[in-house]
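Below, each chain spelled out in residue letters.
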Amino acid sequence: MANTFLTPTVIARAALATLYETTVMAQLVHRDYDEEFAARIGETVNVRKPAVFTAQEYVRANGIQIQNAQETSIPVTLNHFADVSFAVTTEELTLRIEDFGVQLLNPAMEAIAQKIDRDILALRDDVRQEVGVVGQFPANPAGANVKPFSDPRTAIDARRVLNQRNVPSADRYMVVGPELEALWLQDDLFNRADARGDTDGLREASLGRRVFGFDPYQTQNIKVPAQTVGNSTTEVGVAFHRTAFALVTRPLVLPQGAANAAVASYKGFGLRVVMDYDIDKKQDVVSIDCLYGTKTLDYDRAVLIKGADVD
């Protein structure tokens, strides 16, 4: 069967599927997407935070007590504009979408997925609570057996911190870097291979089992920071509830006069693909981009897993 000439719509759909499958942090945080609201870089949208209710003791004589949903919104600026653009030949544009994906599309979307995850991880700067630094966490109860950064049982301390703040026990995740993963995987705690996760990206990142109430994952986007005063001497992992952080995406406005463009959306992600001919270089150009913002919704729902800071 003859190959189909690749159009922006075909490329956008395939790119979106790859993006969805390769992100890690983006799959674990609260996501907000509105395909009806096309936006531009720098615009601000209001994102609804999950409602909060209080269970009341029912007294038949008094009847039920109607609660107003404590649902609030938080402004999020769409300040991240990820772009990957590349030149293609006519022969490449007539490939099967599977071949085109392997050669060009998958690497391009991997780059965007990594950027999204890094931008979400940057929200760790908002988190004030930390575990793994023995004796430095002020809320430790007297005599508590606090675990060091290198011990996977540090998750117990992280669990205690979140429990003390009444964070829901469901949808809790723990994400660490490659160095900490290597240390933890030497522990008998991880000697099981029943991987968790709903996408290829999460399955690949999973450490293999639930740990003290957290689904644990590894990402290469966590690295040891520059060893300057105030920075951590180790990688900085994070344990959190899904509603601690948010990824907000909106479809980009299609460029005026560009007939060869398309927008695709799927499960909280949106991508735009624009194709054009570069007459100067005499080549076709495929440009894939997405617009998003990241925001800390509640820093009390996250705790850092790290070692001591540089003096």
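Everything below is about the structure printed above this text.
Described below are features of the structure shown in this document. Not measured: the values here are computed from a predicted model.

For the protein, the helix and strand inventory stands at seven helices and 13 strands. Scored against the burial criterion, the 311 residues of the protein give a buried share of 47%. For the protein, long-range pairs separated by at least 24 residues make up 74% of all intrachain contacts whose partners lie at least 6 apart in sequence. A total accessible area of about 16,000 Å² is found for the protein, and carbon and sulfur atoms account for 48% of it.

This next bit is on the environment of Leu180. If you trace the backbone, Leu180 turns up in helix H6 (residues 178-184). Expressed as a C-alpha distance, the spacing of Leu180 and Gln218, which sit 38 residues apart in the sequence, is 8.7 Å. Ignoring sequence-local partners within four residues, the contact set of Leu180 consists of Phe149, Ser150, Glu235 and Ile305.

So, on to the pairing of strand E3 (residues 73-77). Here E3 shows a clear split, with Ile74 and Val76 buried on one side and none of Ser73, Pro75 and Thr77 buried on the other. As paired strands, strand E2 (residues 44-48) and E3 are joined by five bridges and run antiparallel to one another. Paired with Arg48 across the strands is Ser73, a residue of E3.

A separate point is the side chain of Arg301. Among the structural elements, Arg301 can be located in the loop between strand E12 (283-296) and strand E13 (302-305). Not counting residues up to four positions away in its chain, the partners in contact with Arg301 are Leu162, Val167, Pro168, Ala239, Phe240, His241, Thr243 and Ala244.

Let us look at helix H1 (residues 8-22). For H1, built from 15 residues, the straight-helix expectation of 21 Å at 1.5 Å per residue is met to within 8% by its first-to-last C-alpha distance of 21 Å. Buried within H1 are the following residues: Pro8, Ile11, Ala12, Ala15, Leu16, Thr18, Leu19 and Tyr20.

So, about the pattern of salt bridges. For the coordinates displayed, the defined rule picks out eight salt bridges. The salt bridge partner of Glu130 is Lys306, with a shortest N-O separation of 3.8 Å. Linking Glu130 in strand E5 (residues 130-131) with Lys306 in the segment after E13, this pair joins segments that are 176 residues apart in sequence. On the accessibility criterion, Glu130 (18% relative accessible area) is buried. For Lys306, a relative accessible area of 5% gives the class buried. Arg160 serves as the salt-bridge partner of Asp157, at 3.9 Å between the closest nitrogen and oxygen. Remark: Arg160 and Asp157 occur in helix H5 (residues 154-164); sequence separation between them is three residues, near one turn of the helix. With respect to burial, Asp157 and Arg160 carry one shared label: buried. Each of the salt bridges in this network shares a partner with another, and the network as a whole consists of Glu130, Lys306 and Asp309.

Okay, the nonpolar core next. If you look at the biggest cluster of nonpolar residues, it comprises 51 residues, and the most contacted ones within it are Phe240 and Ile288. Ranked by residues supplied to this core, first place goes to helix H4 (residues 97-121) with ten residues. Contact partners of Phe240, with chain neighbours within four places excluded, come to Met25, Leu28, Val29, Asp171, Arg172, Tyr173, Val175, Phe214, Phe245, Arg301 and Ala302.

Looking now at the environment of Ala122. Mapped onto the fold, Ala122 is located in the loop between H4 and E5. With 172 residues separating them in the primary sequence, Ala122 and Thr294 have C-alpha atoms 9.0 Å apart.

So, on to the sheet that holds strand E8 (residues 237-241). Sheet architecture is open: five strands sit in the order E5-E13-E8-E6-E7, paired in mixed fashion. Pairing within the sheet leaves two strands with one partner each, and these edge strands are E5 and strand E7 (215-218). Bridging between E5 and E13 involves two bridges; their strand directions are parallel. Each residue of the ladder has a partner; that of Val131, found in E13, is Ile305. Contacting E5, strand E6 (172-176), E8 and E13, H5 crosses the sheet at an angle of about 155 degrees to E13.

Cut-offs applied
Residues numbered from 1 in each chain as written. Predicted model: local features only at pLDDT ≥ 70, side-chain atom pairs only at ≥ 80, totals over all residues. Heavy atoms only, no water. Helix = DSSP H or I, 4+ residues; strand = E, 2+ residues; numbered from the N terminus. Buried < 20%, exposed > 50% of the residue type's maximum accessible area, 1.4 Å probe, protein only. Contact = heavy atoms within 4.5 Å. Areas by Shrake-Rupley, 256 points an atom, 1.4 Å probe, with all protein chains shown as cover. Pairing = 2+ DSSP bridges. Expected span 1.5 Å × (residues − 1). Salt bridge = Lys/Arg side-chain N within 4 Å of Asp/Glu carboxyl O. Core = buried A, V, L, I, M, F, W, Y, C linked by side-chain atoms within 4.5 Å. Axes fitted to C-alpha atoms, helices over the stretch in contact; angles between N-to-C directions.

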